[in-house]
Amino acid sequence: MVDSVERFARTARRSTDGEGIVAREKHDRMLGYLAGRDGWTTATEVAEVLGVTPRSVRSYVTAVNTRTAPHDVVESGPNGYRLNADGYAVYRRRAASAFESETPRDRLYGLVRLLISAPSGIDVHETAQRLHVSESTVEGDLGRVRAMLADTALTLDRSGSTVTMAGGETERRRLLSRMFRDETDRGIVELEALQRAFAPNEFSPFKGELLEALTARGYYVNEYGIANVLLHIAIAIDRVTKDRPAEPADHAPRTPEVEAVAEDLARLVDAHFHVALGDGDLVYLSYLLVTRVVTPGSGAPAEVLVDDYVNQDDLAAVRQAVDRAGREYLVDLSDEDFIVRLTLHVQNLIRRAQDQSYSRNPLTRSIKTSYPMIYELAVFIASQLQRHGSIIINDDEIAYIAMHVGAQLEQKARKEALLGSTIVSAGYYDMHEVLRRRVESQLGDVLDVRSVITRTDVDWAAIDTELVLTTIEPPAPADGIVVIQPFLTAADVERVRSAVSRVRRSSRLSEITDELLQYFHPDLFLRNAHAEDEEGMIRLLGERMIAQGIIDESYLTAAIERERMSSTAFTDTLAVPHAMAMTAHSTAIAIAVNETPMEWGGARVSVVALVAFSESGRAAFQTVFDQFVEVFSERSSVARIIRRSEDFAGFIDELVHVIDG
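This is a predicted model, so every value here is computed, not measured.

Student: Any details on the sheet that holds strand 15 (residues 603–612)? Residues and values, ideally.
Tutor: The strand order across the open sheet built from four strands is 12-14-15-13, with neighbouring strands paired in mixed fashion. Both edges of this open sheet fall to strand 12 (525–527) and strand 13 (574–575), since each of them pairs with a single strand only. Bridge analysis of strand 14 (residues 588–600) against strand 15 gives nine bridges, and the strand direction is antiparallel. By the bridge assignment for strand 15, Trp600 is matched with Ala603.

Student: Which residues make up the nonpolar core, and what values go with them?
Tutor: Counting 75 residues, the largest nonpolar core has Phe520, Ile591, Phe632 and Phe651 as the members making the most contacts within it. If one sorts the elements of this core by residue count, helix 19 (residues 372–389) sits on top with ten residues. With residues up to four places along the chain from it excluded, the contact list for Phe651 reads Phe520, Phe525, Ile591, Val593, Phe632, Ile641 and Ser645.

Student: Requested: an account of the pairing of strand 10 (residues 467–470), with residues and values cited.
Tutor: Both faces of strand 10 are covered, namely the face carrying Leu467 and Leu469 and the face carrying Val468 and Thr470. Of the pairings in the sheet, the one linking strand 8 (residues 419–424) to strand 10 comprises four bridges and is parallel in character. Pairing of Ile423 across the sheet is with Leu469, part of strand 10. Bridge analysis of strand 10 against strand 11 (residues 481–483) gives three bridges, and the strand direction is parallel.

Student: Describe the sheet that holds strand 5 (residues 162–166), listing the residues and the values that go with them.
Tutor: One open sheet holds the three strands; their spatial order is 3-5-4, and the pairing between them is antiparallel. What marks the edges here is a single partner per strand, and that holds for strand 3 (122–123) and strand 4 (155–159). Looking at chain direction, strand 4 and strand 5 are connected through five bridges and run antiparallel. Its bridge partner lying in strand 5, Ser159 is registered against Thr162. Strand contacts of helix 8 (residues 135–148): strand 4 and strand 5, with the helix running at about 140° to strand 4, the strand carrying the most contacts.

Student: Quick one: what's the story with helix 8, residue by residue and with numbers?
Tutor: Over its 14 residues, helix 8 runs 20 Å from end to end, which matches the ideal 20 Å to within 8%, given 1.5 Å per residue. Turning to helix 8, its buried residues number three or more, namely Thr137, Val138, Asp141, Leu142, Val145 and Met148. Taken around the axis of helix 8, the buried residues stretch over an arc of 135°, which confines them to a single face. Facing away from the buried side of helix 8 by more than 90 degrees, the exposed set consists of Ser136 and Ala147.

Student: Explain the pairing of strand 8 to me, using residue names and the numbers behind them.
Tutor: In terms of burial, strand 8 is a largely internal element, six of the six residues being buried. Pairing geometry for strand 8 and strand 9 (residues 447–453), over six bridges, is parallel. Along strand 9, the bridge assignment pairs Ser421 with Val449. Regarding the hand of the β-α-β motif, the stretch spanning strand 8, helix 21 (residues 431–443) and strand 9 is right-handed.

Student: Kindly report on the environment of Thr295, identifying the contributing residues and their values.
Tutor: If you trace the backbone, Thr295 turns up in strand 7 (residues 294–296). Thr295 sits 46 residues away from Arg341 along the chain, and the two C-alpha atoms are 8.6 Å apart. Once you skip the residues sitting within four places of it in the chain, Thr295 turns out to touch Gly218, Tyr219, Tyr220 and Leu344.

Student: Give me the pattern of salt bridges: which residues, what numbers.
Tutor: Pairing is possible between side chains of opposite charge, provided their charged atoms come close. Taken as a whole, this structure holds 32 salt bridges when the rule is applied. The closest approach of N and O atoms between Glu553 and Arg539, which form a salt bridge, is 3.3 Å. One end of the pair, Glu553, is in helix 24 (residues 553–565); the other, Arg539, is in helix 23 (residues 534–547), with 14 residues separating them in the sequence. For Glu553, a relative accessible area of 42% gives the class partly exposed.

Student: Now, about the environment of Ile122: what can you tell me, with residues and values included?
Tutor: The topology assignment puts Ile122 in strand 3. As a C-alpha pair, Ile122 and Met165 span 43 residues in sequence and 9.2 Å in three-dimensional space. Setting aside residues up to four positions removed in sequence, Ile122 forms contacts with Leu111, Leu114, Leu115, Thr127, Ser161, Thr162 and Val163.

Student: How would you sum up the packing of helix 11 (residues 203–216) against helix 12 (residues 223–241)? Please name residues and give values.
Tutor: Running from amino to carboxyl end, helix 11 crosses helix 12 at an angle of 120°, the nearest separation of the two axes being 12 Å. Taken as axis vectors, helix 11 and helix 12 run oblique relative to one another. Judged by the sense of rotation from one axis to the other, the crossing of helix 11 with helix 12 is right-handed. Contact residues: helix 11 offers Phe203, Phe206, Lys207, Leu210 and Leu211, while helix 12 offers Glu223, Ile226, Leu230, Ile233 and Ala234. Its residues placed into classes, the contact of helix 11 with helix 12 shows eight nonpolar, no polar and two charged.

Student: Explain the packing of aromatic side chains to me, and be specific about the residues and the numbers.
Tutor: Summed over the entire model, instances satisfying the criterion amount to eleven aromatic pairs. Taking the centre distance of 6.3 Å and the plane angle of 70° together, the rings of Tyr519 and Phe613 count as edge-to-face. Here Tyr519, found in the loop between helix 22 (490–517) and strand 12, pairs with Phe613, found in the loop between strand 15 and helix 25 (618–631); they are 94 residues apart in sequence, far enough to count as distant. Classification of Tyr519 by relative accessible area gives buried; the value is 10%.

Quick notes on the rules
Residues numbered from 1 in each chain as written. Predicted model: local features only at pLDDT ≥ 70, side-chain atom pairs only at ≥ 80, totals over all residues. Heavy atoms only, no water. Pairing = 2+ DSSP bridges. Helix = DSSP H or I, 4+ residues; strand = E, 2+ residues; numbered from the N terminus. Core = buried A, V, L, I, M, F, W, Y, C linked by side-chain atoms within 4.5 Å. Buried < 20%, exposed > 50% of the residue type's maximum accessible area, 1.4 Å probe, protein only. Contact = heavy atoms within 4.5 Å. Axes fitted to C-alpha atoms, helices over the stretch in contact; angles between N-to-C directions. Expected span 1.5 Å × (residues − 1). Arc of directions from axis to C-beta. Right-handed = clockwise from strand over helix to strand, strands pointing away. Salt bridge = Lys/Arg side-chain N within 4 Å of Asp/Glu carboxyl O. Parallel < 35°, antiparallel > 145°, perpendicular 65-115°, else oblique. Left-handed = near helix turned anticlockwise from the far one by under 90°. Nonpolar A, V, L, I, M, F, W, Y, C, P; charged D, E, K, R; others polar. Phe/Tyr/Trp six-rings, centres within 6.5 Å; stacked < 30°, edge-to-face > 60°.

Everything listed here is a matter of geometry and, on its own, says nothing about what the molecule does.
Next comes the structure, spelled out in structure tokens:
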């Protein structure tokens, strides 16, 4: 990695405590939240997400804007804050450079790099003098370095004033990888950042040729997984140039696939970076590519994949897990091609989990929030596979399973999901047919045109489709009616798509109004309930349900086990703990509505709903679960519910208000 002692020294002089590290993380979380919001967001809302005061939010805004002056990252106004796209781009470019941002965290990571790069260690006195800081500052940073190493196989050894980092090369590289992800936009690795930090040559041409080589060998390539493997490759190149080759890759088997990819990798690294990687590096990096980035059998039918690539024990385990998930959640996942390709993914997943080298998934949070039911199916399948492989599957890997499941369900549901529509276009030659063809061409992925009315005296009340596209003004505006031009324009297409989204959402929410409300009970409503942690809150709500005879202790234990596997904080404000098995005596929801948010799996939630489903409620689970999460997905709606739910009656009134929109 490119070293810069002068920048490190400036950083050390600017700040000598650890509070700045925490502040930088808050800055990143604030910007990430604003990046996902449309329009203005109040300081109070941002403060709730971060778990700080509105005054702190204002100081964070000032801090990030100062760092990118004259560009403002965050714009301020009477309605709160919103992200400035140009300023945010500047912020991300600067943050992506390993030493560009002079914060206490950067100073701390700089010290780690010095220790990693100094086999004989560093002298505390000389380091303090060289950096123009006090020895107590260096000692304080060394204490924080020890805390960073707590979950690694690395340690700090001390002899007098000399401090040495002890541990293997592989662990040092893992630490560099972790720090780099922390320094680059909350874990998202970008090629520009790799280039600035590790090598003078561009990574984009290297990546392009590597992808071509992998594709030529018949692999599917996971673009989400390759960025982190490129980081490992960049670190390996940097360490080899410093005469720090990798240790023998004992845990990376020399399979024919690994050997073949190693040949490509050696050739490309030499051609692009003029570095000859050793055998240990090539085997390990190729193993990462084979297990994290690629899946064999591109274009091959399922039967060929089974014969050539699939482990029969894994196939049987996946088939059983998918079958159980289908029966438990009443979905059809029996497609053989889906099961075989999921098995190929699972085979690599098991190897990654055994090495504890999980693939990161940048879509984890959005999948969990936007598709809670699909994520829940993935959690169920993962729970079965954990037992099969004696492994632990984390949230990122569960999200990859959810992507497989979601793609399969989407294919089956696409035709069923089309919205029925009627076109109203006064007859004039064949203009109505031209319009119909244009609508089907531009909107056929969301609409099913079921009839065309060419009269001007339209019986609007007799139209029974969910959406009406009309070139004639209706007697009165309505949500299900969109006025369009006789020759469909781009603006018309956008308006129709917006209307489709509104109609679908309204339809989904109206479906659950009666169903959802019957699951609540005054004795299962808590206002401003306090618990130390997630399990404490689950027990607090669960004991109410046990007292009502709704669940027993085993259901409560199962809900806690489900929570340990993956957080049920599906939105920024809502957690929905539950057991995976539908073994409750009856279906009900115990809910806590709190003015002060609590920590829940990395989020801060104000509403916790313990959901208990019985066997008889199985059919309702999909609808209620997905839609309940959707009801609480809008922070403004949740804020209203929290503010006005002084008692159970008030909660029900506000919930109905939100559902009705």
